[in-house]
Amino acid sequence: MSQRTCLVVDDSTVVRKAARRIIEGFGFRVSEAKDGQEALDACRSALPEAVLLDWNMPVMDGITFLRAARAEFGPDQPRIVLCTTEAELSKILEALSAGAQEYVMKPFDADILRDKFTQAGLLEEAA
Amino acid sequence: MTPDSFNFLAGLVKARSGIVLTADKGYMLETRLGPMLRRESMQGLDALAQRLRAPRAEALAAEVVEALTTNESSFFRDGKPFEHLKKLLPKLAAARPPGQPIRVWSAACSSGQEAYSIAMTAAELGPALGGRKLDILGTDISREMLDRAQEGVFTQFEVQRGLPVTMLVKHFKQEGQRWRVAPELRAQVRWQFFNLMEDPRTLGRFDIIFCRNVLIYFDAPTKSRVLGSLAGMLAPDGVVYLGGAETVLGLTERLVPAPGERGVYEPARATAKAG
Ligand SMILES: C[S@@+](CC[C@H](N)C(=O)[O-])C[C@H]1O[C@@H](n2cnc3c(N)ncnc32)[C@H](O)[C@@H]1O
Ligand SMILES: [Mg+2]
């Protein structure tokens, strides 16, 4: 059985490392990208099952990546979970209408990521 | 703290709330009651025990009990019970006479996430309920939690536990860093102080009872007594939801597990007893 995959996209190394540790704990194989363009390139070479996506990044920001990914790979794959300091309702609505499955407002912890991955259909409800 | 003081405090808490403090909870007493001790300029837990033994200590005793409750909760906690509820509500709505609301009790509601999750589940069902109203009652022995539940304002952290983002944007209004439950949901819930050690029949009958993650703090005889009273308040086609670490087995024969479900219990019927 091949391992499930998640791409963590954030311009902060610290955030990527923290997210990686948590998501590996969920049983995913994690790769990293530091901006939307890198993420898009990574998706083109191998589409991950999940993307954890920062909003504010240099080169290409998260919302631009999200729209590009939806146009290129369709509405369901990969499952995309925003993970950003942007906590305004208008931003959340913007991300949802652009096709994000879930939305994490930073700061996050393992419990929040587990819940959000569950709601995005990436994890089973812990019984 | 002397063993005598510990036993006195533990006895008081158990008598007033059913909550059992085992001998290893001395540290928990220190941390939870510390702020109160400082405010009252009391030397320590021995001094507190002494004060509580004196007359007119009612308010202080209630405060001690409240400080020793554990109030952790989250929206749609454990998921499964709310999936079950989603299937159950339309059935109950169809079975009740027109105009009669479905009565739901969140016993030990803490900060209100459970009751609001029930209200959201009903709201999401929309037309499947045929316009049937829910009458949700949230009760607890923590006045602080009841106030919070009633206010219906949750932190960014709280709204990210268990709550899908689509429901957040639909049922909450953002207020700075916090999120306030929509008035339509709040209108379906009433909040009331109620101690599960008291006779609950005064609250009336219920179609659905959520009594989750509170029995874990009680001893077996107390659990039996509470479960027995819940069974007595339940509609014949109603259900009780218990927490993941709670059961009726060995505690009451008046409730039985719903076939094929976890954490869902129904009133025992004659056939179920025979089988
Ligand atoms: C861990 S919370 C459970 C909240 C919610 N039911 C859930 O499952 O998320 C336990 C709650 O039980 C309340 N509680 C403890 N003893 C009680 C009693 N004797 N009567 C009513 N509520 C009680 C506490 O105040 C606390 O808010
Ligand atoms: Mg960033």
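Residues numbered from 1 in each chain as written. Chains lettered and ligands numbered in written order. Predicted model: local features only at pLDDT ≥ 70, side-chain atom pairs only at ≥ 80, totals over all residues. Heavy atoms only, no water.

Named according to an unreviewed UniProt entry, chain B is protein-glutamate O-methyltransferase originating from Roseomonas nitratireducens.

Named according to an unreviewed UniProt entry, chain A is Response regulator originating from Roseomonas nitratireducens.

**What to know about unusual backbone geometry**
At the junction of glutamine 77 of chain A and proline 78 of chain A, the peptide bond is cis and its omega measures out at -10 degrees in the coordinates. Its place among the elements puts proline 78 of chain A in the loop between helix H3 (62–73) and strand E4 (79–84). Across the junction of lysine 106 of chain A and proline 107 of chain A, the peptide omega takes the value 0 degrees, indicating a cis bond. By secondary structure assignment, the location of proline 107 of chain A is in the loop between strand E5 (102–105) and helix H5 (110–119). Look at aspartate 78 of chain B: it is not a glycine, yet its phi comes out positive at around 70 degrees. For aspartate 78 of chain B, the position within the fold is in the loop between helix H4 (58–67) and helix H5 (80–95). (Helix = DSSP H or I, 4+ residues; strand = E, 2+ residues; numbered from the N terminus.)

**Regarding the coordination of the magnesium ion (ligand 2)**
Residues and elements named next belong to chain A. Only Asp11 (OD), Asp54 (OD) and Asn56 (O) from the protein reach the magnesium ion (ligand 2) as donors, at distances of 2.1 to 2.4 Å. Considered as a linear motif, the donors of the magnesium ion (ligand 2) on their single chain read D-x42-D-x1-N. Residue classification places aspartate 54 among the buried positions, given a relative accessible area of 5%. (Donors = N, O, S within 2.8 Å, 3.2 Å for Na, K, Ca; no water. Buried < 20%, exposed > 50% of the residue type's maximum accessible area, 1.4 Å probe, protein only.)

**Thoughts on the domain arrangement of chain B**
Residues and elements named next belong to chain B. If you check the domain split of chain B, you get domain 1 (3–68) and domain 2 (80–274). The straight-line distance from the C-alpha centre of domain 1 to that of domain 2 is 30 Å. Taken together, the contacts link eight residues of domain 1 with ten residues of domain 2. A buried area of about 670 Å², summed over both sides, lies between domain 1 and domain 2, and 54% of it is on carbon and sulfur atoms. Considering only the surface of domain 1 that becomes buried against domain 2, Ser17, Gly18 and Glu66 emerge as the three largest contributors, covering 54% of it. Taken together, the links from domain 1 to domain 2 amount to one salt bridge. Elements that contribute at least two residues to the side of domain 1 that touches domain 2 include exactly helix H1 (3–17) and H4. Counting residues per element, the side of domain 1 that touches domain 2 draws most heavily on H1, which supplies three residues. (Domains from an automatic or database assignment. Contact = heavy atoms within 4.5 Å. Buried area = accessible area lost by both parts, 1.4 Å probe. Salt bridge = Lys/Arg side-chain N within 4 Å of Asp/Glu carboxyl O.)

**Digging into the interface of chain A and chain B**
Counting from both sides, the interface comprises 21 residues of chain A and, opposite them, 17 residues of chain B. In total, chain A and chain B occlude about 1600 Å² of area from one another, counting both sides; carbon and sulfur atoms represent 55% of this. Linking chain A to chain B there are two salt bridges. One salt bridge connects arginine 161 of chain B with aspartate 111 of chain A, and the closest N-O pair in it is separated by 3.7 Å. One can count nine residue pairs in polar contact (both at pLDDT 80 or more) joining chain A with chain B. Of all elements in the fold, only helix H4 (89–97), E5 and H5 of chain A reach the threshold of two or more residues within the side of chain A that touches chain B. With five residues, H5 of chain A is the single largest residue contributor to the side of chain A that touches chain B. (Polar contact = N/O pair within 3.5 Å; in protein donor to acceptor, adjacent residues only side chain to side chain.)

**Notes on the UniProt feature "modified residue: 4-aspartylphosphate" (unreviewed entry) in chain A**
As recorded in UniProt, the feature "modified residue: 4-aspartylphosphate" (unreviewed entry) lies at Asp54 of chain A. Within the element layout of this structure, aspartate 54 of chain A appears in the loop between strand E3 (50–53) and H3. (UniProt positions renumbered as here; feature names shortened; annotations may be inferred.)

**Brief notes about the site of ligand 1**
All names here are of chain B. Not every one of the 22 residues close to ligand 1 is listed here, only the nearest: Ser17, Ser73, Arg77, Asp140 and Asn213. Contact between ligand 1 and serine 73: an oxygen atom at 2.6 Å from a side-chain N or O atom of the residue. At 2.9 Å, a backbone N or O of leucine 196 approaches a nitrogen atom of ligand 1. Within the complex, the protein chains bury 99% of what would otherwise be the 600 Å² of accessible surface of ligand 1. Tallied by class, the residues present in the shell around ligand 1 amount to eight nonpolar, nine polar and five charged. (Near = heavy atom within 4 Å. Areas by Shrake-Rupley, 256 points an atom, 1.4 Å probe, with all protein chains shown as cover. Nonpolar A, V, L, I, M, F, W, Y, C, P; charged D, E, K, R; others polar.)

**What about the nonpolar core?**
In this structure, Phe65 of chain A together with Phe172 and Ile208 of chain B are the most contacted members of the largest nonpolar core, which totals 65 residues. Broken down by element, the residue count for this core peaks at seven residues, all from helix H6 (residues 113–125) of chain B. Setting aside residues up to four positions removed in sequence, phenylalanine 172 of chain B forms contacts with Phe75, Met120, Phe154, Val159, Leu163, Met167, Trp179, Arg180, Val181 and Ala182 of chain B. Ile19, Leu29, Val65 and Ala231 of chain B belong to the second largest nonpolar core, which has 49 residues in total. (Core = buried A, V, L, I, M, F, W, Y, C linked by side-chain atoms within 4.5 Å.)

**Re the pairing of strand E1 (residues 4–9) of chain A**
Residues and elements named next belong to chain A. Among the six residues that make up E1, five are buried, leaving the element largely enclosed by the rest of the structure. Where E1 meets strand E2 (residues 28–33), six bridges bridge the pair, whose relative direction is parallel. Note on E2: the bridge partner recorded for arginine 4 is phenylalanine 28. For the crossover that starts at E1, traverses helix H1 (residues 13–25) and ends in the parallel E2, the hand is right-handed. With four bridges connecting them, E1 and E3 associate as parallel partners. Paired with leucine 7 across the two strands is valine 51, which belongs to E3. (Pairing = 2+ DSSP bridges. Right-handed = clockwise from strand over helix to strand, strands pointing away.)

**Quick notes on H5 of chain A**
An α-helix turns once every 3.6 residues. As a result, residues three or four positions apart point the same way. Residue and element names in this part refer to chain A. Within the sequence span of H5, burial applies to Ile112, Leu113, Asp115, Lys116, Phe117 and Thr118. For H5, the side-chain oxygen to backbone nitrogen distance between the N-cap and aspartate 111 is 3.2 Å, and the N-cap itself is aspartate 109. In the segment just after H5, glycine 121 is the residue with positive phi, at about 80 degrees.

**Looking at the pattern of salt bridges**
Tallied over the full model, the rule gives 34 salt bridges over all chains. A salt bridge links glutamate 102 of chain A to lysine 116 of chain A; the shortest N-O distance between them is 3.1 Å. You can see glutamate 102 of chain A sitting in strand E5 and its partner lysine 116 of chain A sitting in helix H5, a full 14 residues away along the chain. For the pair glutamate 102 of chain A and lysine 116 of chain A, one class covers both residues: buried. Between aspartate 199 of chain B and arginine 201 of chain B there is a salt bridge whose closest N-O contact spans 2.7 Å.

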